[in-house]
Amino acid sequence: MSLAWPVYQLGATDSTNSEAKRRVSAGRFADSWLVAESQSAGRGRLQKNWISPAGNLFSTALFREPGGLVVASRMPFASALAVNDVALLFAPEADVRLKWPNDVRINRAKLSGILIETGGSGADTWVAAGIGINVLHVPDGAGQPATSIATLRKDSAVTADMALEALREAFAERLLQARQGFDGLRKDWLDRAEGLGGTVRVTTSGAPVEGVFEDVDMSGGLVLRLPDGSRQTIRAGDVDLIGRA
């Protein structure tokens, strides 16, 4: 499946998501992909910087979501699974793992930065699904272990343009899946979940919470079994796997 959305090449920009939001604010956008050669102010989830050297993929899928915020809330999972699909296309032997909600990691090293931003309501809901993939380069100063498609393949045969075409195809499939309901998307995500059944620490706006990662609920929340046997569902936070990178 593919979506006949145009691709707009931005050259060098601050970030593709920032450009997407400018287009929304100006009231002049249609469903499309925005792609940059490089970014000066790339952002990830929780407003973390995303280093953006030329040769990697920097893109945003900007679209109206007729399913409203219910479907839009599934985009972190759909986007992570789309990147998983791209990684396995180019590096079939890679042990791709997804760390809640949308980190894509191989051997504990991050392959992709994903930032989902939304606005509007009802049929006027818009989504900016920012997806950066390390294609040729492992960024310097990422603040955590990182990897690239070139590293996984041990060659530089895959270009950013090739990764974009694969991502457009994979994202279309996962968006359709998200629009059909969360159950299938959730099951596919859990099949790749990193840390499932193990102890994790989640840093939220309050005190960190530790517990066993048991499940993801039907709204995308991280379900933890706490030391006292009770369950807690986390809606937002940064996950660390205890005793692992």
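Residues numbered from 1 in each chain as written. Predicted model: local features only at pLDDT ≥ 70, side-chain atom pairs only at ≥ 80, totals over all residues. Heavy atoms only, no water.

**Considering the pattern of salt bridges**
Move 1: On inspection of all chains with the given rule, the structure shows 20 salt bridges.
Move 2: Residues joined by salt bridges that share partners form a network here, namely Asp14, Glu19, Arg22 and Arg23. (Salt bridge = Lys/Arg side-chain N within 4 Å of Asp/Glu carboxyl O.)

**Thoughts on helix α3 (residues 75-90)**
Move 1: Here α3 is 16 residues long and its end C-alpha atoms lie 23 Å apart, about the 22 Å a rise of 1.5 Å per residue gives.
Move 2: Counting buried positions over the 16 residues of α3 gives 13, a clear majority of the element. (Helix = DSSP H or I, 4+ residues; strand = E, 2+ residues; numbered from the N terminus. Expected span 1.5 Å × (residues − 1). Buried < 20%, exposed > 50% of the residue type's maximum accessible area, 1.4 Å probe, protein only.)

**As for the sheet that holds strand β4 (residues 96-99)**
Sheets are built from strands that pair by backbone hydrogen bonding, the pairs being arranged parallel or antiparallel.
Move 1: Within the open sheet, the seven strands sit side by side as β1-β2-β3-β7-β6-β5-β4. Their pairing is mixed. In the strand order of this sheet, the two ends are held by β1 (7-13) and β4, each with one partner. Pairs of neighbouring strands in the sheet enclose a mean axial angle of 20 degrees, with direction left out of account.
Move 2: With eight bridges connecting them, strand β6 (residues 109-119) and strand β7 (residues 126-133) associate as antiparallel partners. Across the sheet, the residue bridging to Ile114 is Ile131, located in β7.
Move 3: Each of β1, β2 (32-39), β3 (57-64) and β7 touches helix α5 (residues 160-180); the most contacted strand, β3, lies at about 35 degrees to it. (Pairing = 2+ DSSP bridges. Axes fitted to C-alpha atoms, helices over the stretch in contact; angles between N-to-C directions. Contact = heavy atoms within 4.5 Å.)

**Description of the sheet that holds strand β10 (residues 222-225)**
Move 1: Taken together, the five strands give an open sheet; going across it, the order is β11-β10-β9-β8-β12, and neighbouring strands pair in antiparallel fashion. Each having just a single partner strand, β11 (231-234) and β12 (238-241) make up the two edges of the open sheet. This sheet shows a mean twist of 45 degrees between the axes of neighbouring strands, independent of strand direction.
Move 2: Pairing of β10 with β11, which is carried by four bridges, proceeds in the antiparallel orientation. If you follow Val223 over to β11, its bridge partner there is Thr233.

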